[in-house]
Amino acid sequence: MRSTDDLTTRARIRDAAITVFGEQGFGVGVRAIAAAAGVSPGLVNHHFGSKDGLREACDERVRETIWTAKMQYVENPSPGALMRQLAEIEEFAPLMAYVMRSFQSGGPLMRTFFEHMVEDTEHYLRAGIAGGSIKPLRDVPAMARYIATNNGGGMMMFLQLYAAEQPGPMDFRKALREYADRMMLPALEIYTNGLLTDSTALDALAAQTQTEQ
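Since the structure is predicted, the reported quantities are computational estimates derived from the model, not experimental observations.

A. Fine view of the packing of helix H4 (residues 51-75) against helix H6 (residues 93-105). H6 packs onto H4 with a crossing angle of 130° between their chain directions and a minimal axis gap of 10 Å. Between H4 and H6, the angle is such that the two are oblique. Where H4 crosses over H6, the handedness of that crossing is left-handed. Only Leu-95, Met-96, Tyr-98, Val-99, Ser-102 and Ser-105 of H6 make contact with H4, whose side of the interface consists of Arg-55, Cys-58, Asp-59, Val-62, Thr-65 and Ile-66. Per-class residue counts for the contact of H4 with H6 are seven nonpolar, three polar and two charged.

B. The arrangement of the environment of His-116 in detail. Position of His-116 relative to the elements: it lies in helix H7 (residues 107-131). The exposure class of His-116 is partly exposed, given its relative accessible area of 27%.

C. Highlighting the packing of aromatic side chains. Using the criterion set out here, one finds eight aromatic pairs in the structure. Here Tyr-98 and Phe-113 contribute two aromatic rings whose centre-to-centre distance is 6.3 Å and whose plane-to-plane angle is 80°, an arrangement assigned as edge-to-face. Of this pair, Tyr-98 sits in helix H6 while Phe-113 sits in helix H7, placing them 15 residues apart in sequence. With centroids separated by 6.4 Å and ring planes inclined at 70°, the aromatic side chains of Phe-103 and Phe-114 adopt a geometry described as edge-to-face. Highlighted residues: Phe-103 in helix H6 and Phe-114 in helix H7, separated in sequence by 11 residues. Overall, Phe-103 belongs to the buried group, its relative accessible area being 14%. Looking at Phe-114, the relative accessible area reads 12%, which means it is buried. Members of the aromatic cluster, joined through ring pairs, are Phe-21, Phe-26, Tyr-98 and Phe-113.

About the thresholds
Residues numbered from 1 in each chain as written. Predicted model: local features only at pLDDT ≥ 70, side-chain atom pairs only at ≥ 80, totals over all residues. Heavy atoms only, no water. Axes fitted to C-alpha atoms, helices over the stretch in contact; angles between N-to-C directions. Helix = DSSP H or I, 4+ residues; strand = E, 2+ residues; numbered from the N terminus. Parallel < 35°, antiparallel > 145°, perpendicular 65-115°, else oblique. Left-handed = near helix turned anticlockwise from the far one by under 90°. Contact = heavy atoms within 4.5 Å. Nonpolar A, V, L, I, M, F, W, Y, C, P; charged D, E, K, R; others polar. Buried < 20%, exposed > 50% of the residue type's maximum accessible area, 1.4 Å probe, protein only. Phe/Tyr/Trp six-rings, centres within 6.5 Å; stacked < 30°, edge-to-face > 60°.

In structure tokens:
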């Protein structure tokens, strides 16, 4: 059984790794992560076995933190809750940097991370539908995959353009604030009111899909 100090050291290494991976990418060595956490490289390997093991722990922590924030809003979709999350959005900068590095890295770990994000998004949608804050959907899993893909891809494009406009290293706190300032209002308008004036296109595609099945 691990001591409290052992668990605290593990969490400190994991949290330092999330920040370092987000800032420098997944090519960074264990020594840099150990230095950021104030421990020896051997202690990193003791707790996580390998850099891949550490990355898996980081993936889980990032998903858990995003999950908690999303569920808090889905279960309490009030204007006050939204404003509080927007006011604190810079706090999520290390997590968003990590997510973007994960998407950029490719490989099996990225694929697994994305599939878990899709699963989490499906859970948010089902919780919102059950609670009455989200309208019923034709295909919840398909919508979850669309939202995860669209949000991830849109964020990556925004950050690439932001980086091209800003000299020096990326400041993810400023970038995330600017993303919220530019994107939240149109995103909420689309999610709330829709875009098309009637269901002609949707009905046609749904009918064709039904025929093909």
